[in-house]
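# Structural features, examined
Chain by chain, the residues run as shown.
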Amino acid sequence: MKRIIKFGERFAGLTAGEHRALLTVTVDELPVKLADELSNMSDIYATEVFRDDNGTPCIRLNHDLASSDLVDSIGEAITAVYNTDIIIYNARP
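In this report, we go over the structure that sits alongside the text. All figures in this text were calculated on a predicted structure; none of them were measured in a lab.

Turning our eyes to something else, we now look at the pairing of strand 1 (residues 2-7). The pairing of strand 1 with strand 2 (residues 10-16) spans 6 bridges and is antiparallel. Paired with Lys6 across the bridge in strand 2 is Phe11. The antiparallel pairing of strand 1 with strand 2 creates a hairpin that spans 2 residues between the two strands, and Gly8 there sits at a positive phi of about 65 degrees. Pairing of strand 1 with strand 6 (residues 86-90) involves 5 bridges; the strand directions are antiparallel. Across the sheet, Ile4 pairs through a bridge with Tyr89, a residue of strand 6.

Spatially, 6 strands are ordered 4-5-3-2-1-6 in an open sheet, and the strand pairing comes out antiparallel. Among the strands making up the open sheet, the edge pair consists of strand 4 (44-51) and strand 6. On average, each strand axis in the sheet is inclined to that of its neighbour by 20 degrees, with strand direction left out of account. Bridge count for strand 4 against strand 5 (residues 57-63) is 7 bridges, and the pairing is antiparallel. Among the inter-strand pairings, Ile44 is bridged to a residue of strand 5, identified as His63. Relative to strand 4, helix 1 (residues 32-39) is tilted by about 165 degrees, and along the sheet it contacts strand 3 (20-25), strand 4 and strand 5.

Moving on to a nonpolar patch on the surface. Taken together, the side chains of Phe11, Ile87 and Tyr89 define a hydrophobic patch exposed on the protein surface, amounting to about 270 Å² of accessible area. Here Phe11 is to be found in strand 2. By relative accessible area, which is 35% here, Phe11 ends up partly exposed.

Let us now look at the environment of Arg51. The residue Arg51 is located in strand 4 in this model. Judged by relative accessible area, which is 40%, Arg51 ranks as partly exposed. Sequence-wise, Arg51 and Thr24 are 27 residues apart; in three dimensions their C-alpha atoms are separated by 8.9 Å. Residues within four places of Arg51 in sequence aside, it is in contact with Asp28, Glu29, Leu30, Thr56 and Pro57. In terms of polar contacts, Arg51 uses its side chain to reach the backbone carbonyl oxygen of Asp28, at 2.7 Å. Polar contacts involving the side chain of Arg51 include one to the main-chain carbonyl oxygen of Gly55, which spans 3.0 Å.

Scoring rules and cut-offs
- Residues numbered from 1 in each chain as written.
- Predicted model: local features only at pLDDT ≥ 70, side-chain atom pairs only at ≥ 80, totals over all residues.
- Heavy atoms only, no water.
- Pairing = 2+ DSSP bridges.
- Helix = DSSP H or I, 4+ residues; strand = E, 2+ residues; numbered from the N terminus.
- Axes fitted to C-alpha atoms, helices over the stretch in contact; angles between N-to-C directions.
- Contact = heavy atoms within 4.5 Å.
- Patch = residues over 30% accessible without salt bridge, like charges linked within 9 Å, V, L, I, M, F, W, Y side chains within 5 Å.
- Areas by Shrake-Rupley, 256 points an atom, 1.4 Å probe, with all protein chains shown as cover.
- Salt bridge = Lys/Arg side-chain N within 4 Å of Asp/Glu carboxyl O.
- Buried < 20%, exposed > 50% of the residue type's maximum accessible area, 1.4 Å probe, protein only.
- Polar contact = N/O pair within 3.5 Å; in protein donor to acceptor, adjacent residues only side chain to side chain.

Here it is as structure tokens:
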């Protein structure tokens with residue numbers, strides 16, 4: 001599953017499988033507060049915050065949620081941390 005989440009002037013890309021996911025976030029700093037917020041939710045565990053080879057901030061996640069619940073939870077966390085509304089798009093493969 002791939003989704004694009006727009007929040008303010010920023011974007012996050014979510015690529016998720018059955019129990020693992022990668023969230024890439026277009027912010028300047030490492031999204032540590034977002035990782036903490038996600039880890040505080042039930043059934044989501046942020047296991048790593050890092051920059052990929054292109055320098056893009058990323059959060060590696062483990063989860064025990066259905067795809068729709070994962071997207072909803074990530075949206076709630078983004079709203080809580082960045083205090084903005086979100087729009088979720090299906091990403092093209």
